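Survey of secondary and tertiary structure
Chain by chain, the residues:
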Amino acid sequence: MEREGIRQYFNKIIGDEKDISAGMAAIRTLLMVLEESKSETIQELRYCLQNAVDVMRSTDQPVTAIASGSELFLRFITLATLDHSSYADCKKIMLQRGKIFYDKLIAARGKIAKLASNFITDGSKILTHSRSRVVLKTMKEAAANNKLFEVYVTESSPDSSGQEMCQNLRDLGISCTLILDSSMGYIMEQVDMVMVGAEGVAESGGIINKVGTYTMAICAKEMKKPLYVLTESFKFSRIYPLNQVDLPDEFKYTSSALRKDLSKEHPLVDYTPPQYISLLFTDLGILTPSAVSDELIKLYL
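Let us look at the structure shown here. All values derive from a computational prediction rather than experimental measurement.

1. Examining the overall build of the protein
Across its full length, the protein holds eleven helices and ten strands. Compactness check: the protein gives a C-alpha radius of gyration of 20 Å against a globular reference of 19 Å for 301 residues, within 12% of the reference. Its C-alpha atoms give the protein principal-axis dimensions of about 60 × 45 × 35 Å. Every one of the 301 residues in the protein was classed for burial, and the buried ones make up 51%. Intrachain contacts of the protein at a sequence separation of at least 6 include 74% that bridge at least 24 residues. Accessible surface, the protein as shown: approximately 13900 Å² in total, 51% of it carbon and sulfur. Of the charged side chains in the protein, 35 are positive and 38 negative; the average position of the first set lies 3 Å away from that of the second.

2. Overview of the packing of aromatic side chains
Under the definition given, this model contains six aromatic pairs. Plain terms: the ring middles of Phe76 and Phe101 are 5.5 Å apart, the flat faces sit at 45° to each other, and that makes the pair tilted. With Phe76 in helix H4 (residues 63-78) and Phe101 in helix H5 (residues 87-117), this pair connects stretches of sequence that are 25 residues apart. Here Phe76 falls in the partly exposed class, since its relative accessible area comes to 25%.

3. Details of the sheet that holds strand S2 (residues 150-154)
Pairing within the open sheet is mixed, and its seven strands lie in the order S3-S2-S1-S4-S7-S9-S10. On the outer flanks of this sheet lie strand S3 (175-179) and strand S10 (285-287), each paired with one strand and no other. Taken over all neighbouring pairs, the strand axes of this sheet differ in orientation by 25° on average, direction set aside. Summarising the sheet, strand S9 (residues 279-282) and S10 pair through three bridges and their orientation is antiparallel. What sits directly across from Phe281, in S10, is Ile286.

4. Regarding the side chain of Ser124
Here Ser124 is to be found in the loop between H5 and strand S1 (125-128). Taking relative accessible area as the criterion, Ser124 reaches 4% and is therefore assigned buried. When neighbours within four sequence positions are excluded, Ser124 is seen to be in contact with Leu148, Phe149, Glu150, Asp192 and Met193.

5. Things to note about the packing of helix H1 (residues 3-16) against helix H2 (residues 22-36)
H2 packs onto H1 with a crossing angle of 140° between their chain directions and a minimal axis gap of 9 Å. Judged on the interaxial angle alone, H2 and H1 are oblique. Two packed elements cross with a definite hand, and for H1 against H2 that hand is right-handed. Along its contact with H1, which presents Ile6, Tyr9, Phe10, Ile13 and Ile14, the element H2 presents Ala22, Ala25, Ala26, Arg28, Thr29, Met32 and Val33. Classifying every residue of the contact of H1 with H2 gives ten nonpolar, one polar and one charged.

6. Quick look at the sheet that holds strand S6 (residues 207-210)
Spatially, three strands are ordered S5-S6-S8 in an open sheet, and the strand pairing comes out antiparallel. Whereas interior strands pair on both sides, the edge strands pair on one side only; in this sheet they are strand S5 (200-201) and strand S8 (269-272). Bridge count for S5 against S6 is two bridges, and the pairing is antiparallel. In the sheet register, Val201 faces S6, and the bridge partner there is Ile207.

7. Looking at the packing of H2 against helix H3 (residues 42-57)
Each pair of packed helices can be summarised by the angle the axes make with each other and by the distance between the axes. Put simply, H2 and H3 touch, their axes get as near as 10 Å, and they point 145° apart. In terms of crossing hand, the pair formed by H2 and H3 is right-handed. When H2 is examined against H3, the residues Ala26, Thr29, Leu30, Val33 and Leu34 are found in contact with a partner set consisting of Leu45, Cys48, Leu49, Ala52, Val53 and Met56. Its residues placed into classes, the contact of H2 with H3 shows ten nonpolar, one polar and no charged.

8. Observations regarding the side chain of Ser70
Note on placement: Ser70 falls in helix H4. Since its relative accessible area comes to 1%, Ser70 is described here as buried. A distance of 2.7 Å separates a polar side-chain atom of Ser70 from the backbone oxygen of Ile66. Ignoring any residue separated from it by four or fewer positions in sequence, one finds Ser70 in contact with Ala26, Leu30, Val53, Met56 and Ala65.

9. Overview of unusual backbone geometry
Backbone torsion omega between Ser157 and Pro158 reads 5°, so that peptide bond is classified as cis. Position of Pro158 relative to the elements: it lies in the loop between S2 and helix H7 (161-171). At Ser130, a residue that is not glycine, the phi angle is positive and equals roughly 60°. A relative accessible area of 7% places Ser130 in the buried class.

Quick notes on the rules
All chains use their own residue numbering, which begins from 1 and follows the written sequence. At least 70 in pLDDT is required for a residue's local features to be given in this predicted model, at least 80 for side-chain atom pairs to be given and counted, and no such filter applies to totals for whole chains, interfaces and linings, which use all residues. Side-chain numbers come from the whole structure's heavy atoms, not from hydrogens or water. A helix here means a DSSP run of H or I that spans at least four residues, while a strand means a run of E at least two residues long, and both kinds are numbered starting from the N terminus. C-alpha atoms define the radius of gyration in this analysis, and the globule rule sets the expected value at 2.2 Å times the number of residues to the power 0.38. Burial classes follow relative accessibility: with a 1.4 Å probe on protein chains only, a residue under 20% of its type's maximum area counts as buried, one over 50% as exposed, and anything between as partly exposed. Between two residues, a contact is recorded if the distance between any of their heavy atoms is within 4.5 Å. For the area figures, the Shrake-Rupley method with a 1.4 Å probe applies, and any residue is considered shielded solely by the protein chains shown. Counted charges follow a simple rule, with Lys and Arg positive, Asp and Glu negative, and His plus the chain ends left uncounted. Every charge is mapped to an atom, namely NZ of Lys, CZ of Arg, CG of Asp or CD of Glu. Only Phe, Tyr and Trp rings take part, Trp by its six-membered ring, and two of them pair if their centres are within 6.5 Å. Stacked means planes under 30 degrees apart, edge-to-face means over 60, and tilted covers everything else. A pair of strands is labelled paired if DSSP reports no fewer than 2 bridges between them. Angles run from 0 to 180 degrees between N-to-C directions of axes, and those axes are lines fitted to C-alpha atoms, restricted for helices to the stretch in contact. For this classification, under 35 degrees means roughly parallel, over 145 means roughly antiparallel, 65 to 115 means roughly perpendicular, and everything else is oblique. Less than a right angle of anticlockwise turn of the near helix away from the far helix marks a crossing as left-handed, whereas a clockwise turn marks it as right-handed. Under the scheme applied here, ten amino acids are nonpolar (Ala, Val, Leu, Ile, Met, Phe, Trp, Tyr, Cys and Pro), four are charged (Asp, Glu, Lys and Arg), and all others, including Gly, are polar. Two N or O atoms form a polar contact when they lie within 3.5 Å of each other; inside protein one atom must be a possible hydrogen donor and the other a possible acceptor, and for residues adjacent in sequence the pair counts only when both atoms belong to side chains.

Have a look at this one:
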């Protein structure tokens, strides 16, 4: 399939389906490329899939989840080549495995919501940052269980995605207050916990998420409030940043921004080190940050 066709297919999923993240859209796109590929060898097929990954990484969508999800997907489906000699058999098994992988992703958000909603009790006050689909799902689950709680949502500059999150919560009948990013320290002493999503999880157990998450984490640590991260395991990534500068530029900026003078560009994400994170709620279970590296090893075995 041509590069432009792949780009259009990927962008259409994100444009048409608001509940689908960039990472899940990337895996759906890879499944389509796998299904429609006219390749005649495994090596050629791998080249087509890698080409599709490169195309998606060159769009203006968040690269973090695209990179980790695509890498895990390719690892999962290509295990089939070890067991079958015929190319047709290999491709058939790869497609089956790809669909299994995607179905697991679809179920992941629900599993996380059930785990994390147990930590929301009547009268809880929760602070969250930006808009996270899995955090929204968790709060919806808690509200469905007749729990009464209040949520504070940061406006989340520069795209003001917190406004949409706040409206989504109000539509569910959940009490919600939109606050300025700069007031998170003021609000922190009033809340019981912080719940955030993640665009990616590093080997260290630290997270890559919307810029401002690190600031929120520092405030939470100082005021002894637990910081819970809700994230799917396909966002686990084999990177180990040591600080903000160490985070790859392609994770911090859009593809179009990378072609400009980065000194004048605002980073879209930041890195929150593991010592600021209390627990990670994942489809693999509830993890401490130090357990992430062990789970990554299992995922890539």
